[in-house]
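Analysis of the macromolecular model
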Amino acid sequence: MAKQNRRGRSGRRPESGSSGGSAFWYAQQPPADAEQIANAVMAAAMETAQGASAAAERCATALAGRDPLTPQLEHGVHLAGQHIITRVLQNGWLPEDIHQAARRNLDEYAIALLTDVIAAYMQPFAAASVDETWRAQLDDLDAVAWWSPSAPHLGQWAAKLLLTPVEALTTVVQALALLIRLPRLELIRPLPGTAQPSTAAHHHVDEKILSRVRGLLAKAESTSFPEEAETLSAKAQELMTKYAVDRVLVDADTSVPDLPGASRIWLDTPYVDAKALLVDVVTKANRCRAIFSSAWGFMTIVGDDGDLEVVELLTTSLLVQATRAMIASGNQAERSADSRSRSYRKSFLIAYATRIGERLVTANETTIAKSADAQRLLPVLASHQLKVDKAFDTLFPQVRNRGVSIPNANGWDDGRAAADNAELGARRPLRK
C-alpha cells in the first residue's frame, strides 16, 4: 500500500507556470560523468526546494529513463548527498534535528535515505573525535552503514525498499530539497572530527538516580488515581532534591569546570507556541535559557548538561500530563463545544504553562531555603547563572521577546486548575 501511494504522489502534474528551469539541461545534454550527475541532482533539488514539486520526478526520469542505476549514476547521487549534508551539518544541524525536520516534511522512504546519508558522512571519523551527543543521536537513529561496501549504496537501498530507479531518484531529490531548505543554526556541539578527549565528556546526572526518577514519573503518568500519582511524584522530587543539594556543595569544592552546553527540544503540532511556553518555564526554573524557533518548531536550551537532562525529562512528563488534562477537560459535558475548540485548548495550555512556572519557582525557593548551607549555596547558583547567561548571549546575541495571546477565558481558568494537579517529580539537580 505504501509503495502504491508513493507512486501516486510522485506522478503529480507540474505546477502551473512551471517550465522546468535550470534542472532540465540534462534532458537535452545527458551528464557525462559523476560530477555532472551530482550537479544535475543538486539543481533539481534546488528547484524542488523552491516549490517546483514536479522537478524531482522529471530529473529522476531523465537520469534513470535511459539506463538503470549504473555505478556512475549512483556515484553522482552519492556525491550530491555528501556535498549537501556536509553543508547542513556545518550549519549547526545535528542528526536528530535532521530526523525531526524530515519526519515532519517527508515520507518514510526519504527519512530512511537521509539516515543513510548521515551514516555515510560519519564513516571517515574515528569515534574518539566525535562528540558524545553526536554518538548518542546516531545510536538512537540507528545511523550505521548497513550496506555492503562492495557496491554503491543507492542500488542496495532501493532494492531493500522495493523502489524502482525512478522512484529511488525521486526520493533522493525530494530529500535533498529539504536539506537545502534548512536554515543556518548555531553550532551547539563540536563537528565530527573536531571533538577533543578533554572536552568530549559531558557532566551527567547519576544514571541510577535518573533511572529511578524516570520509573516514578512513568508510573505517575500512567495511573488513574490522583493520590497515587501525587505520592509517586513526591518521592521522585525528594530523590532529585536530595541528590541536587548534595551534588552542588561537592561541586563547589572542586576546580573542575562544568561549562554550559546546549540541546534542542522539538515540539509537535498543534499549539506549538503554547507548548514552547511550557518548555520555557521549566528551563528558567532549572537555571537554563531557551529560545524558540517558531518556523521549525524547536527550542534551543542552554545550560549545564545535568540541568539539560532534567529539563528534557520534566518537560516530557508535563507535556504528557498537560495534553491528557486538556483532552479530559474538553470532554466536560457542560461546555463541550467550547472546550473542544482551538481557542480553548490553546488558552488551556498557556495557563497550564504559566501556573507550572509559578509552582516551579516556589519549589525552587523552598528547596534552597531548606538547604543545610543555603548561604553558601546562593552565590554558587548565581555564579552558575552568569556562566549560562554568557554562553546564551554568545550563541544568540540578538534575541526578540514574543508574547502569546489568550483567546479563551474558560481555557485559561481550567488550565491553571489542571496545573495545580500536575506532578513535578523530575526536579532538577542544583549544580555548579
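Small disclaimer: the values here were computed from a predicted structure and weren't measured.

**Let's talk about the overall build of the chain**
Looking only at helices and strands, the chain has 19 helices and three strands in total. Buried positions account for 50% of the 432 residues belonging to the chain. Here the contacts in the chain between residues at least 6 apart in sequence split such that 81% fall between residues at least 24 apart. Accessible surface, the chain as shown: approximately 20500 Å² in total, 54% of it carbon and sulfur.

**Thoughts on the environment of Leu277**
Inspection of the secondary structure assignment puts Leu277 in helix H14 (residues 272-285). Given a relative accessible area of 22%, Leu277 falls into the partly exposed group.

**Details of the confidence of the model for the chain**
With 72% of its residues at a pLDDT of at least 70, the chain reaches an overall mean of 81. When mean pLDDT is taken per element in the chain, helix H7 (residues 108-122) scores highest with 98 and helix H1 (residues 2-10) scores lowest with 42. The model gives residues 426-432 a pLDDT under 50, and that stretch makes 59 contacts with residues more than four places away or in other chains.

**Concerning the sheet that holds strand E3 (residues 298-303)**
Strand order across the open sheet formed by three strands is E1-E3-E2, with antiparallel pairing between neighbours. Each of the sheet's edge strands pairs with one partner strand only, and the pair in question is strand E1 (261-266) and strand E2 (289-293). Each neighbouring strand pair of the sheet contributes to a mean axis angle of 20°, computed without reference to strand direction. Here five bridges tie E2 to E3, and the two strands are oriented antiparallel to one another. Of the residues in E3, the one forming a bridge with Ile291 is Thr300. With respect to the sheet, H14 is in contact with E1, E2 and E3, its orientation differing from that of E2 by roughly 170°.

**Some points on the side chain of Arg287**
Following the sequence through the fold, Arg287 ends up in the loop between H14 and E2. Reaching out from Arg287, the side chain makes a polar contact with the side chain of Asp307 at a distance of 2.8 Å.

**Some words on the pairing of E3**
The element E3 is largely enclosed, with a buried count of six among its six residues. Of the two faces of E3, the one carrying Phe298, Thr300 and Val302 and the one carrying Met299, Ile301 and Gly303 are both buried. Inspection of the sheet shows E1 paired to E3 by six bridges, in the antiparallel sense. Of the residues in E3, the one forming a bridge with Arg264 is Thr300. Where E2 folds back onto E3 in an antiparallel hairpin, the turn is made up of four residues, including Gly297, whose phi is positive at roughly 85°.

**Describing the packing of helix H3 (residues 34-49) against helix H10 (residues 165-181)**
Contact geometry of H3 with H10 gives a least axis separation of 8 Å together with a crossing angle of 65°. When you trace H3 past H10, the crossing you get is right-handed. For the pair H3 and H10, contact is made by Val41, Met42, Ala44, Ala45, Met46, Thr48 and Ala49 and by Val172, Val173, Leu176, Ala177, Ile180 and Arg181, respectively. Of the residues that constitute the contact of H3 with H10, the class distribution is eleven nonpolar, one polar and one charged.

**Some thoughts on the pattern of salt bridges**
In the structure shown here, the tally under the stated rule is ten salt bridges. Residues Arg264 and Asp97 are paired through a salt bridge, measuring 2.5 Å at the closest nitrogen-oxygen approach. You can see Arg264 sitting in strand E1 and its partner Asp97 sitting in helix H6 (residues 95-105), a full 167 residues away along the chain. A single burial state applies to Arg264 and to Asp97, both of which are buried. The residue Arg355 makes a salt bridge to Glu358 at a minimum N-O spacing of 3.1 Å. With a gap of three residues between them, Arg355 and Glu358 both fall in helix H17 (residues 342-369), about one helical turn apart. One connected set of salt bridges, linked through shared partners, spans Arg103, Arg104 and Asp268.

**Observations concerning the packing of aromatic side chains**
Here the structure, examined in full by the defined rule, presents nine aromatic pairs. Taken together, a centroid distance of 5.9 Å and an interplanar angle of 80° make the contact between Trp93 and Trp296 edge-to-face. Linking Trp93 in the loop between helix H5 (71-90) and H6 with Trp296 in the loop between E2 and E3, this pair joins segments that are 203 residues apart in sequence. Taking the relative accessible area as the measure of exposure, Trp296 reaches 15% and is therefore buried. In this structure an aromatic cluster arises from ring pairing among Trp93, Trp266, Trp296 and Phe298. In this arrangement the basic side chain of Lys160 is found over the ring face of Trp146, its NZ or CZ atom lying 4.1 Å from the centre.

**Section: the environment of Trp266**
Summarising the element assignment, Trp266 is placed in strand E1. Among the polar contacts listed, one links the side chain of Trp266 to the side chain of Asp97, at a separation of 2.9 Å.

Reading the values: the criteria
Residues numbered from 1 in each chain as written. Predicted model: local features only at pLDDT ≥ 70, side-chain atom pairs only at ≥ 80, totals over all residues. Heavy atoms only, no water. Helix = DSSP H or I, 4+ residues; strand = E, 2+ residues; numbered from the N terminus. Buried < 20%, exposed > 50% of the residue type's maximum accessible area, 1.4 Å probe, protein only. Contact = heavy atoms within 4.5 Å. Areas by Shrake-Rupley, 256 points an atom, 1.4 Å probe, with all protein chains shown as cover. pLDDT = per-residue confidence, 0-100. Pairing = 2+ DSSP bridges. Axes fitted to C-alpha atoms, helices over the stretch in contact; angles between N-to-C directions. Polar contact = N/O pair within 3.5 Å; in protein donor to acceptor, adjacent residues only side chain to side chain. Left-handed = near helix turned anticlockwise from the far one by under 90°. Nonpolar A, V, L, I, M, F, W, Y, C, P; charged D, E, K, R; others polar. Salt bridge = Lys/Arg side-chain N within 4 Å of Asp/Glu carboxyl O. Phe/Tyr/Trp six-rings, centres within 6.5 Å; stacked < 30°, edge-to-face > 60°. Lys NZ or Arg CZ within 6 Å of the ring centre and 35° of its normal.

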